[in-house]
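# Breakdown of the fold
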Amino acid sequence: MKEKTGRITRRTFVGTAAGAAAASLVGGSRVVGGGESAGAPSSRVVLIRRREVLAEDGSVEPEVLHRMLNEGVAALMQSESPRAGWKQLVCPDDVVGIKSNVWTKLATPPALERAIRKEVEAVGVAAGDVAVDDRGVRSNPVFQRATALINVRPMRTHHWSGLGTCIKNVIMFVDQPSEYHGDACASLGALWQLPQIAGKVRLNILVMLTPQFHGVGPHSFSKRFVWPFCGLILGTEPASVDATGARIIQAQRNLFFGEERPISPPPHHIEIAGSRYGLGATDPDNIELIRLGDA
Amino acid sequence: MNSKVFFRTRPFRCGLVGAMMVVMACAKAPFPADSPLSAIGKQLPGAVGEWRTASRPVAYTPETIFDYIDGHAEVYLAYGLRGSIACRYLGPEEEGDVVLDVFELASPEDAYGVFTHDQDGEDADLGQGSLFRYGWLSFWKGPFFVSIYAEGESDEARDAVFELGRGVAAAIPTVGSLPAIVALLPSRGLEPRSVRYFHDPTILAAHLAFDGAQILRLGPDTVAALGRYDLDGSRAHLLLVGYRNTAHSESVLSDFSELFLGRGDEPLEHSDGWYAMARLPGKEAVLAFVVRAGSEEQVREILGNLGADPKGGYL
């Protein structure tokens, strides 16, 4: 079954090519091909792109997406197979919360949620010990006893934080998210020190199938400002994942507007999460970027 | 969803927008039937061009606005949101919808403040100030901020947006004044589209984030105007804040001096530029803060222009 994400026209496919140019901005990172080692970087990030993950009508191809997920996990964990990679991430006795994102305009694709759940269960985790949730995480019994979290969300511009990131995606674990809005959400990294999160997030997945690079109006969304990038970014350290995604978003903004158009407000919570809260390298020189597929 | 549909419809003719209009009658209204927002709702057209209302307008209160707007509602709440109505117009085949949102804020000044939150676009000559960009028309008039967004990109969709905008603007009977503090921004070097009006520190952070901004003690009892200046190719930000009394402003002045000026009152250079502060001539409860200026000369010129405009400043 396909899931609709918006119609893809010939023009937006041209946009995918622009996205490829955008992705070239991440070339500043230490880039290696699939499975190749690049010394001892402080953070490893996988960028995988498959144009065929989106059908012409914009719907998600679940099987392609599942394969992308598994390719990415194998590359990230430097394992011989996806299953071996998943086994490094979760154990059969883990209780796993899959922290998703339900923002109606650009939600985590259900096909991706299902694929993650399937792989987690295939490792041996009991079905009753796996849950997918977003706004209900604080009252979800599985999340309340979770020993492991998998953090997955689409990337988009965000009114208060500049970007909606993996770092920010755990904000639903607190009672008053708006308390973190000050100074362009600079202190979001502090969320990751909360006991319900600290040390539990095994994998971060930034969904870049149709990322949003600009927002207008009260609802902060326009189909004009998403494009079929057809990618996923995976990593164990959220700041490294988000920093990589942020460079792609910035590049696409520059391409679209024909001038340098900084993300506003500046998503400095990413750099701060890395430098102050130890959530991963954000300087591309300190990120080992593994490109797969069309990336 | 806790929002309440509060209008019923029946068609009638309205020559103003040249389209079928509908009268919206109150049902379970969260606002009094004779409230300004209800009155506007009753005059909404049932169709603009080939776009027709999908359902009756839906009303939201400050308590239910999060049911409708996810992630941006704080902007309206920061300007004293009293209520809003939303109406979706379904487009014809191969066209996207047109979405209308009308927000009633605490005052005309606050409606202007919401309008200044995003100043991209071209002047659309509607209401008391308007902009159009990427299918989105926004304007303010009286205490109302109006947003009309076309999901499609055709000329017909654009025409529908403007037709609807003209109709809504005509349905708002009042006009308001611009915030007095905005008029105090010196005009020389000011980039007009950079002007913002607000009360809330979160709004400031969306436009100008700098370490220590919390000592400004912005809040519902303060008014603030922000402008960016380009003087001889060098940029700076000027923030004017009106406090409730001199005692309030004096304590902020003292804290700013300690944090940014080495406990003095002269401009001081930081790693991200020059910082300075001053009292406005003749207005002791209004403080001026220069942030991230390119040079000391620029700081002194901006401060020297405070109160020096023969016509009063920006406005």
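Residues numbered from 1 in each chain as written. Chains lettered and ligands numbered in written order. Predicted model: local features only at pLDDT ≥ 70, side-chain atom pairs only at ≥ 80, totals over all residues. Heavy atoms only, no water.

### What about the overall build of chain A?
The line we're drawing: Each helix is a run of H or I in the DSSP string that is no shorter than four residues. Each strand is a run of E no shorter than two, and both are numbered from the N terminus. The buried label goes to any residue with under 20% of its type's maximum accessible area, the exposed label to any with over 50%, and the partly exposed label to all in between, with areas taken from a 1.4 Å probe on protein chains only. For the area figures, the Shrake-Rupley method with a 1.4 Å probe applies, and any residue is considered shielded solely by the protein chains shown.
Regarding its fold elements, chain A presents 8 helices and 9 strands. Within chain A, buried positions represent 60% of all 295 residues. For chain A, the exposed area adds up to about 11,000 Å²; of that, 50% sits on carbon and sulfur atoms.

### What about the confidence of the model for chain B?
Residues and elements named next belong to chain B. The line we're drawing: A score between 0 and 100, pLDDT records how confident the predictor is in each residue. Any pair of residues with heavy atoms lying within 4.5 Å of one another is described as a contacting pair.
Taken over all residues, the pLDDT of chain B has a mean of 87, while the share at 70 or more is 89%. Long-range and interchain partners of residues 1-28, a stretch whose pLDDT sits below 50, account for 88 contacts in this model, where long-range means more than four residues apart. Among the prediction metrics, the complex's ipTM stands at 0.78, with pTM recorded as 0.84.

### Observations concerning the sheet that holds strand β18 (residues 283-293) of chain B
Residues and elements named next belong to chain B. Going by this rule: A pair of strands is considered paired only if DSSP assigns at least 2 bridges between the two. What counts as an axis is a line fitted to C-alpha atoms, over the stretch in contact for a helix, and the angles between N-to-C directions run from 0 to 180 degrees.
Taken in spatial order, the 6 strands make up an open sheet running β13-β14-β15-β18-β17-β16, and their pairing is antiparallel. This sheet does not close on itself; its edge strands, each paired only once, are β13 (196-198) and β16 (268-270). Each strand axis lies, on average, 20 degrees off the axis of its neighbour in the sheet, ignoring direction. In this sheet, strand β14 (residues 223-231) lies alongside β13 in antiparallel orientation, the contact comprising 3 bridges.

### Points about the packing of helix α2 (residues 62-77) of chain A against helix α3 (residues 82-89) of chain A
All names here are of chain A. Definition in use: Should the near helix be turned anticlockwise from the far one by less than a right angle, the crossing is left-handed, and should it be turned clockwise, the crossing is right-handed.
At a minimum axis distance of 8 Å, the contact between α2 and α3 shows a crossing angle of 65 degrees. α2 and α3 meet at a crossing whose hand is left-handed. Facing L69, N70, V73, A74 and M77 of α2, the residues of α3 in contact are P82, G85, W86, Q88 and L89.

### What about the interface of chain B and chain A?
How we decide: Here the quantity called buried area is the accessible surface, traced with a 1.4 Å probe, that two parts lose on coming together, added over both. By definition, a salt bridge exists where a carboxyl oxygen of Asp or Glu is found within 4 Å of a side-chain nitrogen of Lys or Arg.
Across the boundary between the two partners, chain B contributes 28 residues, which contact 25 residues of chain A. Surface buried jointly by chain B and chain A totals about 2,100 Å² across both partners, of which 54% is contributed by carbon and sulfur atoms. At the boundary of chain B with chain A, the tally comes to 2 salt bridges. Residue D70 of chain B pairs with R135 of chain A through a salt bridge whose shortest N-O separation is 2.3 Å.

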